[in-house]
Number of protein chains: 2
Amino acid sequence: MLSKGGCPKTMLSIRDALEAVEGRWKLLILFALSEKPKRFKQIAKEVNGITDKTLSKELKNLEANKLIRRDVYDTFPPTVEYSITPHGMSLEKVLDELHFWGLSHRKKNIVK
Amino acid sequence: MLSKGGCPKTMLSIRDALEAVEGRWKLLILFALSEKPKRFKQIAKEVNGITDKTLSKELKNLEANKLIRRDVYDTFPPTVEYSITPHGMSLEKVLDELHFWGLSHRKKNIVK
C-alpha cells in the first residue's frame, strides 16, 4: 500500500479510520471487549489508567459509531453489559498489526 | 489475535504503538512521506487541514521517535527535507489495515 504513498483517496480512508478510533483509549477498550462482553467496572480495571468519566464518554462514542453494543438486562438491580459488534470486531487486523508493531517499537527503543 | 482478547501483555504492546502514533496526524504525515522525501510546505499541503504549528510539533515528535529523518542540505538558501525511516516504513501494514477498515467504515455509515 505504501507504494501508493500520498495518494489522496487512500489518505481519506485512513483519515476516516483514525477519526473513528481517535485517541489512546478506544482501541484498548475494543480489545478488552473482544474477549467477551463485560461490565463497566471490569473494562475500567482492564484498561489500566482510564478514569470512569473518560471510559463513560468513550463507550458512548463507540456505541454511536456502532463499534460496541450496550445491553441492559432486567435483573434486580439491572445489569448493563457492553459487547463488541461485528463491525468493531472487523478492527481485528488493525489491532494485530498495532500489536506486532508495538512489540518491535519497544525493542527498538530499548536497544538504542 | 482477538482470540487473545483482553490479554494484558498484548494490550501493553498495542498501548505502546498507540502512544507512538497518537493523535489524528502522525500516521497521515507518515503516509505522505511514504511516497518520497518531502519539504515542509509540501507535507502541509497534502495533509489537509493541519496547521503549520501542529505540523512542526508533530514532525519533531516523529523525529524523536525515529520514525522520520530531517535532512538539511547545504544549498542557498538551505533546503530542509523530511523522509521516512525504515522503522517508520514498518508501519506500512498498520496503514494498510486502517485504509481497508476506513473504506468499510465509510460504506457502513453511509448505507445505514
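Structure report, in brief. Just so you know, these numbers come straight off a predicted model, no measurement behind them. (Residues numbered from 1 in each chain as written. Chains lettered and ligands numbered in written order. Predicted model: local features only at pLDDT ≥ 70, side-chain atom pairs only at ≥ 80, totals over all residues. Heavy atoms only, no water.)

## What to know about empty space enclosed by the protein
By the definition in use, this model includes 2 cavities of 30 Å³ or more. Counted as a void, the largest cavity has a volume near 150 Å³. Lining the largest cavity are 14 residues, and of these L18, V21 and L27 of chain A together with L18 and V21 of chain B sit closest to its centre. Mapped by element, the contributors of at least two residues to the lining of the largest cavity are α6 (92–111) of chain A together with α6 (92–111) of chain B. Counted by class, the lining of the largest cavity contains 10 nonpolar, 2 polar and 2 charged residues. (1 Å grid on protein atoms, 1.4 Å probe; cavity = no way out; pocket = protein on both sides within 12 Å on 5 of 7 lines; lining within 4 Å. Points joined across faces, edges and corners; volume = space filled by probe spheres on them. Helix = DSSP H or I, 4+ residues; strand = E, 2+ residues; numbered from the N terminus. Nonpolar A, V, L, I, M, F, W, Y, C, P; charged D, E, K, R; others polar.)

## Examining the side chain of R15 of chain B
As for its placement among the helices and strands, R15 of chain B is situated in helix α1 (residues 8–20). With no salt bridge to any partner, buried R15 of chain B finds its closest opposite charge in E19 of chain B, at an N-O distance of 5.1 Å. Here R15 of chain B is in contact with W25, L28, V47 and N48 of chain A, once residues within four sequence places are set aside. (Buried < 20%, exposed > 50% of the residue type's maximum accessible area, 1.4 Å probe, protein only. Lys, Arg positive; Asp, Glu negative; His and termini not counted. Salt bridge = Lys/Arg side-chain N within 4 Å of Asp/Glu carboxyl O. Contact = heavy atoms within 4.5 Å.)

## A word on the interface of chain B and chain A
Counting residues at the interface gives 54 residues for chain B and 54 residues for chain A. Overall, the association of chain B and chain A removes approximately 5,500 Å² of surface from exposure, summing both partners, and the carbon and sulfur fraction of that is 68%. Here chain B and chain A share 6 salt bridges between them. For D16 of chain A, the salt bridge identified is with R106 of chain B, shortest N-O distance 2.6 Å. (Buried area = accessible area lost by both parts, 1.4 Å probe.)

## Some remarks on the side chain of E97 of chain A
With respect to the helices, strands and loops of the structure, E97 of chain A is situated in helix α6. Notably, E97 of chain A is buried but unbridged: the nearest opposite-charge side chain belongs to K93 of chain B, and the N-O separation is 5.1 Å. Other than its neighbours up to four places away in sequence, E97 of chain A contacts K93, V94 and E97 of chain B.

## Topic: the pattern of salt bridges
For the coordinates displayed, the defined rule picks out 16 salt bridges over all chains. As a salt-bridge pair, R24 of chain B and E19 of chain A come within 3.9 Å of each other at their nearest N and O atoms. Here E19 of chain A lies in helix α1 (residues 8–20) and R24 of chain B lies in the loop between α1 and α2 (26–35), a pairing that spans two chains. Three or more residues are tied together by salt bridges with common partners; here these are E19 and E22 of chain A together with R24 of chain B.

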